[in-house]
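What follows is the residue order along each chain.
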Amino acid sequence: MMKRFKHILYITILIGLTQLGYAETDNTNSEPLHIVKDKPLAADFTLYDLDEKLHKLSEYRGRVVIVNFWATWCPPCRFELPSMDQAYQMLKQKGVVMLAINVGEDADTVFNFTADYPVTFPLLLDKDAKVIKQYPVVGLPTSYIIDPQGHIVYRVIGTRDWTDKKLLKSILDLKL
Amino acid sequence: METSGRYSRDESNFDMKKLIGILLLLMFTLPAARAELVTGTDQQAQLPFWEWHTPVLSVRFVQRLPDQSRAYFAGRGFEPDEVKLIAEHCIFQSVFKNVAPADTKQVIEYDLDEWAILYKGQQVSLKTREDWQAIWETRKVKPAQKIAFEWSLLPTRQRYQPADYNWGMSVFPLKHGSLFDLRLKWKVNGKVQQTTIKNMQCAKDVYIAPATEQ
């Protein structure tokens with residue numbers, strides 16, 4: 001009887017620990033970039049930034065390019081801008097290009113927005129949302145990492161901590 | 001006595017095996033099945049929310065006041081008539097997330113057209129981007145406003161890998177203050193799952209009068 005009680009006790013403790021272990025599971029993701037199947041060629045585009053400088057994606061061939069689709073009214077987009085900028089400070093020294101494409105807003109709106117969210121990478125204007133329609137984006141923010149050959153290698157839906165070491169390594173490894 | 005004792009021991013062993021079996025089964029199935037509804041007041045919005053989450057998925061609906069929608073869409077350049085039309089609907093801010101650990105490779109898909117609002121014994125669909133697109137076409141709404149509206153709504157269909165998520169408004173064709181149930185459906189690695197969130201409530205059209213001068 002005592003032996004049976006002990007068995008039940010051990011099993012109960014085991015289950016308790018399993019459940020506790022589950023509850024304590026760290027759900028943060030250690031693989032923040034998702035590989036895009038078949039690595040399609042990124043659709044080329046030509047867009048002006050806030051300084052009226054023209055950016056043509058294909059002219060960045062030979063360099064890794066991060067393309068981020070965003071809008072000023074989108075809370076997660078705003079949330080990730082500071083970490084994108086921090087990452088950009090590190091990545092630009094390695095030749096990585098970062099282009100944040102604003103969807104559907106005018107230059108004044110975006111310019112005013114930068115007073116609260118200053119960033120050093122170019123903010124491009126896709127006012128009529130033609131460029132975003134060339135990409136398989138269905139929600140903002142969405143980002144793509146394009147390799148030096150112009151292929152979309154990684155995709156992110158939502159935000160990430162762009163200063164995450166593993167994420168930065170995945171991007172820099174594309175240069176090889 | 002001996003016989004009886006042996007039988008008794010056998011029964012005890014049988015019970016023990018059965019018990020271990022059940023416990024092991026529970027041990028492995030409980031975490032997977034663990035799902036719960038959390039409700040309360042959203043810290044940022046200071047409005048009620050309903051959040052369904054499992055080890056893989058989290059979907060949260062936060063009430064939006066009609067006035068918030070009026071201000072938001074007026075700010076996006078919509079005409080007063082269109083702002084009025086939008087704000088007549090019951091709108092929630094929604095956040096859909098894949099919260100599975102990365103190494104599990106669990107992919108979630110959903111289609112809003114498969115969700116159902118259960119209201120007074122009737123089944124109603126959410127008003128998606130495509131439904132609104134048709135409305136804006138007939139009302140000849142300008143492209144800038146159509147773009148703003150489209151991207152402000154939760155995507156109609158989406159596929160999330162671990163850590164992916166979207167925010168967006170979901171529009172329910174119900175009157176302010178309505179009580180309803182929401183049946184959600186989604187797939188995890190192709191396997192259909194569903195739940196019903198009971199007793200959700202649309203925000204009431206609260207009018208806050210300006211302070212009178214003393």
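Calculation rules
Residues numbered from 1 in each chain as written. Chains lettered and ligands numbered in written order. Predicted model: local features only at pLDDT ≥ 70, side-chain atom pairs only at ≥ 80, totals over all residues. Heavy atoms only, no water. Disulfide = S-S within 2.5 Å. Buried < 20%, exposed > 50% of the residue type's maximum accessible area, 1.4 Å probe, protein only. Helix = DSSP H or I, 4+ residues; strand = E, 2+ residues; numbered from the N terminus. Arc of directions from axis to C-beta. Contact = heavy atoms within 4.5 Å. Polar contact = N/O pair within 3.5 Å; in protein donor to acceptor, adjacent residues only side chain to side chain. Pairing = 2+ DSSP bridges. Axes fitted to C-alpha atoms, helices over the stretch in contact; angles between N-to-C directions. Phe/Tyr/Trp six-rings, centres within 6.5 Å; stacked < 30°, edge-to-face > 60°. Parallel < 35°, antiparallel > 145°, perpendicular 65-115°, else oblique. Left-handed = near helix turned anticlockwise from the far one by under 90°. Nonpolar A, V, L, I, M, F, W, Y, C, P; charged D, E, K, R; others polar.

Residue and element names in this part refer to chain A. By the definition in use, this model includes 2 disulfides over all chains. Shown here is the disulfide that connects Cys74 with Cys77, its sulfur atoms set 2.2 Å apart. An S-S torsion of about 80° defines the bridge between Cys74 and Cys77 as right-handed. For the pair formed by Cys74 and Cys77, the shared burial category is buried.

Residue and element names in this part refer to chain A. Those residues of helix α4 (residues 165-173) lying buried are Leu167, Leu168, Ser170 and Ile171. All buried residues of α4 fall inside an arc of 155° around its axis, so they share one side. Residues of α4 that are buried sit in contact with β4 (65-70), α2 (75-91), β7 (142-146) and β8 (152-157). Its side-chain oxygen placed 3.0 Å from the backbone nitrogen of Lys166, Asp164 serves as the N-cap of α4.

Take the sheet that holds strand β2 (residues 48-53) of chain B next. All names here are of chain B. With respect to topology, 5 strands assemble into an open sheet ordered β1-β2-β3-β4-β9, the strand pairing being antiparallel. In the strand order of this sheet, the two ends are held by β1 (36-41) and β9 (165-172), each with one partner. Taken over all neighbouring pairs, the strand axes of this sheet differ in orientation by 20° on average, direction set aside. As defined by bridge partners, β2 adjoins strand β3 (residues 57-63) across 5 bridges and the pair is classed as antiparallel. Paired with Phe49 across the bridge in β3 is Val62.

Attention now goes to the packing of aromatic side chains. All names here are of chain B. On inspection of all chains with the given rule, the structure shows 28 aromatic pairs over all chains. For the ring pair Phe61 and Phe92, a centre distance of 6.4 Å and an interplane angle of 85° mean the geometry is edge-to-face. Taken as a pair, Phe61 in strand β3 and Phe92 in strand β4 (residues 90-98) lie far apart in primary sequence, 31 residues in all. For the pair Phe61 and Phe92, a shared accessibility class is recorded, and that class is buried.

Residue and element names in this part refer to chain A. Taken in spatial order, the 6 strands of this open sheet run β1-β8-β7-β4-β5-β6, and their pairing is mixed. The sheet is open, and its two edges are formed by β1 (34-35) and β6 (123-126), each paired on a single side. Across 4 bridges, the pairing between strand β5 (residues 97-103) and β6 is parallel. Of the residues in β6, the one forming a bridge with Asn102 is Leu125. Relative to the sheet, helix α3 (residues 107-116) contacts β4, β5 and β6, its axis offset from that of β6 by approximately 150°.

Let's shift gears to helix α2 (residues 66-75) of chain B. Residue and element names in this part refer to chain B. Pro66, Ser69, Tyr72 and Phe73 are the residues of α2 that are buried. Taken end-on, α2 shows its buried residues confined to a sector of 125°, consistent with a single buried face. For α2, exposure combined with an orientation more than 90 degrees from the buried face picks out Ala71 and Gly75. In this structure, the buried residues of α2 make contact with α3 (80-87), β4, α5 (143-152) and β9. Following α2 by one or two positions, Gly77 adopts a phi angle in the positive range, close to 90°.

What follows concerns the packing of α3(B) against helix α4 (residues 129-138) of chain B. Residues and elements named next belong to chain B. For the pair α3 and α4, interaxial distance at closest approach is 13 Å and the crossing angle is 155°. By the criterion of interaxial angle, the relationship of α3 to α4 is roughly antiparallel. Where α3 crosses over α4, the handedness of that crossing is right-handed. When α3 is examined against α4, the residues Glu82, Leu85 and Ile86 are found in contact with a partner set consisting of Trp132, Ile135 and Trp136. Residues belonging to the contact of α3 with α4 are distributed by class as follows: 5 nonpolar, no polar and 1 charged.

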